[in-house]
Amino acid sequence: MSLRLKTKLSIGLIFLFIVILLFGVLGLFFINRLSNEGRQVLQNNHESLVYCNRMMTALEDMKTDKNALAEFKDNLTKQQANITEVGEKEATEELTRDFNEWQMDPSDPGNYSDIRRSINKIQYLNEMAIFRKNAAAQKTAGNAKDILGILFTILTLVAFTFIFNLPGIISDPIRSLSEGIQEIARKNYKKRIYLKQEDEFGDLANAFNTMAGKLDEYESSNLAQIKFEKSRIETIINQMRDGIIGLDDKNNILFLNAVAEKLLGLKDADITGKYAPDVALTNDLMRTLLQDNPEKKELKIYADNKESYFGKDVLNVTTNEAVIGRVIVLRNITPFHELNEAKTNFIATVSHELKTPISSIKMSARLLTDLRVGALNSEQQELIRGITDDADRLLKITGELLNMSQVETGNIQLKLQPAHPGTIVEQALQAVLFQAQQRRVRIESSVAANLPFIQADMEKTSWVLINFLTNAIKYSPEDSMVEVSALQDRDNVEFVVRDHGRGIDEKYLPRIFDRYYKVPGTHDRNGTGLGLSISKEFIEAMGGHIWVNSRLGEGSQFGFTFRAI
Ligand code: ADP
């Protein structure tokens, strides 16, 4: 039977209490007994001896001292009252008798010696009693020593067992439990504690085992869940048409899906775990992928005996805002690329084909205004002006579309030559003069003196400036002013067109140079949204830099910068 810890401790304490009590009671008992015996000796025998001694002395002094008789009588009376031993009574009676006889005849020396003998007898009896009682006290003391000694030995042995066992009863299970807890902290959920005792520690061990069991269950179900999720995600990744490459935070390759394997021409098993820049040493595509090149929107990849186009996206994998890896996604955009190419070709062909008939419409309209063909009334002149305006607009649009297709196919043909900024400004001004007059917008030009030459395609640079000016005029109120300037800024030459029109909201500025982008709320149905994007492509193709500054309600500034030569 196993006892509860509380019971064990209670038993231990009760035992100690009993031990203390027992020792106390026994000690008191023996001390009491010994002191009783001592007192008895003192009272019964020692006093008798004292009386006898005094009687003896009185007897000696009887002849010389008259008080001696009274002294003798007094002590005899006391002795008669202190009879404690067997035979003492008879001896005392005999002494009394002898004393009486002596009183009757003090001169008889026989009486005198009788008294002495009787006193000696009483003394002898009491001395014997003292010896006997002393022996008895010795025996009591010996018994007390023996009993207390045996008790002490037994209790010491019991106490020793307590000392050896009690700490173990508490510390052993605590040690097992703390070892168990440490194992759990090390995620060893298989750990169990086996305690034989059925006390509170036994309960604790059972509770611990239940907890470890539950944790184990949770861990293995979690692991199974994670494994399942992993294989599900792997399946999804492998099924995707996009190439996917996973890298850790140190640029080691974690995984590749089937498409990425095909594109890189490498096997997942061969390169997982390898440092990506090492793989890039022998793999061109990997090298391109690792480059941080946001400008390069399309990657042409030859794999599987065909050319495909991919867009690269790099996604950062984060936990708690720390980047722990990257996933490179290669989106297959070949179908879009093909469609876009078809669209660009179509636009190029159509706009090219339209140019000739529109030009001949313009020509015919101009011929109609010639008086040699016949005089026109004012209504007819108005109609012809309308035809010419529309033909001009059509020509502008087809020109823009053609430029656009050139840009998209990467076929910008540049005739780069040293050009004077003044000439470019002049050319552009000539082209927009009529339009400005019509809208009653004044154009003020300022070209800094002694401007250096720039390396540029005259025609395309003017085209951009014309585009800026046309927009500035278009979005300026009547009777306002547009300023065009060319100035030197350190090693650069800067062209700026500034208007005082309605300006552009800041939030639209980042997209202003995008293809087909028109600021929302622009009511210009003739615009294509291509002018600024073509301008950007032209300027950048020539090595320049294009920019815009604008605030809603305060007008805009469009400009570009070239390096002086
Ligand atoms: P569009 O041929 O339609 O004018 P652009 O590419 O030249 O196309 O211009 C794109 C858009 O930028 C326009 O729709 C217009 O809203 C805005 N924009 C261009 N220049 C100005 C300007 N000077 N002031 C205000 N808005 C302008």
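Going by the structure above, here's the rest.
Everything in this summary refers to the structure shown in the same document. Note that the coordinates shown come from a computational prediction; the quantities given were computed from them, not determined experimentally.

### Thoughts on the overall build of the protein chain
Thinking step 1. When helices and strands are counted, the protein chain shows 14 helices and 12 strands.
Thinking step 2. At 65 Å, the protein chain has a C-alpha radius of gyration far larger than the 24 Å of a compact globule built from 565 residues.
Thinking step 3. In terms of overall dimensions, the protein chain has C-alpha extents of about 215 × 60 × 45 Å along its principal axes.
Thinking step 4. Taking the contacts inside the protein chain whose residues are at least 6 apart along the sequence as the reference set, 63% of them involve residues at least 24 apart.
Thinking step 5. In the form shown here, the protein chain has an accessible surface area of approximately 34900 Å², with 56% of it arising from carbon and sulfur atoms.
Thinking step 6. Charge separation in the protein chain, taken as the distance between the mean sites of 68 positive and 75 negative side-chain charges, equals 3 Å.

### What to know about the sheet that holds strand 7 (residues 442-447)
In a beta sheet, neighbouring strands are held together by backbone hydrogen bonds and run either parallel or antiparallel to one another.
Thinking step 1. Read across the sheet, five strands follow the order 7-9-10-12-11 without closing on themselves; strand pairing throughout is mixed. Each edge of the sheet is formed by a strand with only one pairing partner; in this case those strands are strand 7 and strand 11 (545-551). Across the sheet, the axes of successive neighbouring strands diverge by a mean angle of 15°, strand direction being ignored.
Thinking step 2. As paired elements, strand 7 and strand 9 (residues 481-489) share six bridges and run parallel to each other. Of the residues in strand 9, the one forming a bridge with Ser445 is Val484.
Thinking step 3. Most of the contacts of helix 12 (residues 421-438) go to strand 7, to which it runs at about 175°, and overall it touches strand 7, strand 9 and strand 10 (492-498).
Thinking step 4. This element, helix 14 (residues 531-541), spans strand 11 and strand 12 (555-563) of the sheet and lies at about 140° to strand 11.

### What about the sheet that holds strand 2 (residues 253-256)?
Thinking step 1. If you trace the five strands from one edge of the open sheet to the other, you get 2-1-5-4-3, paired in antiparallel fashion. Each end of this open sheet is capped by a strand with a single partner; those strands are strand 2 and strand 3 (299-303). Going from strand to strand, the sheet's axes swing by 30° on average, the running direction of each strand aside.
Thinking step 2. Bridging between strand 3 and strand 4 (residues 306-319) involves five bridges; their strand directions are antiparallel.

### Focus: the side chain of Asp457
Thinking step 1. Mapped onto the elements of the fold, Asp457 is located in the loop between strand 8 (454-456) and helix 13 (458-474).
Thinking step 2. Buried and unpaired, Asp457 has no salt bridge, with Lys460 as the nearest side chain of opposite charge at 4.1 Å.
Thinking step 3. Engagement of the side chain of Asp457 in a polar contact is seen with the backbone nitrogen of Glu459, the distance being 3.1 Å.

### Considerations on unusual backbone geometry
Glycine aside, the phi torsion of most residues is negative, and most peptide linkages are trans.
Thinking step 1. Residues other than glycine seldom take positive phi values, yet Arg490 does so here, at roughly 55°.
Thinking step 2. Among the structural elements, Arg490 can be located in the loop between strand 9 and strand 10.

### Here's the deal with helix 5 (residues 200-239)
Thinking step 1. Here helix 5 is 40 residues long and its end C-alpha atoms lie 58 Å apart, about the 58 Å a rise of 1.5 Å per residue gives.
Thinking step 2. Looking at helix 5, one finds that the buried residues are Phe201, Gly202, Ala205, Phe208, Asn209, Ala212, Gly213, Asp216 and Ile237.
Thinking step 3. The inward-facing, buried residues of helix 5 contact helix 1 (5-61), helix 4 (109-185), strand 1 (243-248) and strand 2.

### What about the packing of aromatic side chains?
Think of a pair of aromatic rings as described by two things: how far the centres are apart, and how the planes are tilted against each other in angle.
Thinking step 1. Throughout the structure, instances matching the rule amount to 10 aromatic pairs.
Thinking step 2. With a centroid separation of 5.2 Å and an interplanar angle of 65°, the aromatic rings of Phe29 and Phe30 are classed as edge-to-face.
Thinking step 3. Under the relative-accessibility criterion, Phe30 is labelled buried at 6%.
Thinking step 4. Their ring planes at 85° and their centres at 5.8 Å tell us that Phe560 and Phe562 sit as a pair that is edge-to-face.
Thinking step 5. A relative accessible area of 0% means that Phe560 is categorised as buried.
Thinking step 6. With a relative accessible area of 2%, Phe562 lands in the buried category.
Thinking step 7. Site record: aromatic cluster; members linked through ring pairs are Phe468, Phe495, Phe558, Phe560 and Phe562.
Thinking step 8. Across from the ring centre of Phe538, 5.3 Å away, lies the NZ or CZ of Lys460, which sits over that ring.

Thresholds applied
- Residues numbered from 1 in each chain as written.
- Predicted model: local features only at pLDDT ≥ 70, side-chain atom pairs only at ≥ 80, totals over all residues.
- Heavy atoms only, no water.
- Helix = DSSP H or I, 4+ residues; strand = E, 2+ residues; numbered from the N terminus.
- Rg over C-alpha atoms; globule rule 2.2 N^0.38 Å.
- Contact = heavy atoms within 4.5 Å.
- Areas by Shrake-Rupley, 256 points an atom, 1.4 Å probe, with all protein chains shown as cover.
- Lys, Arg positive; Asp, Glu negative; His and termini not counted.
- Charge placed at Lys NZ, Arg CZ, Asp CG, Glu CD.
- Pairing = 2+ DSSP bridges.
- Axes fitted to C-alpha atoms, helices over the stretch in contact; angles between N-to-C directions.
- Buried < 20%, exposed > 50% of the residue type's maximum accessible area, 1.4 Å probe, protein only.
- Salt bridge = Lys/Arg side-chain N within 4 Å of Asp/Glu carboxyl O.
- Polar contact = N/O pair within 3.5 Å; in protein donor to acceptor, adjacent residues only side chain to side chain.
- Expected span 1.5 Å × (residues − 1).
- Phe/Tyr/Trp six-rings, centres within 6.5 Å; stacked < 30°, edge-to-face > 60°.
- Lys NZ or Arg CZ within 6 Å of the ring centre and 35° of its normal.

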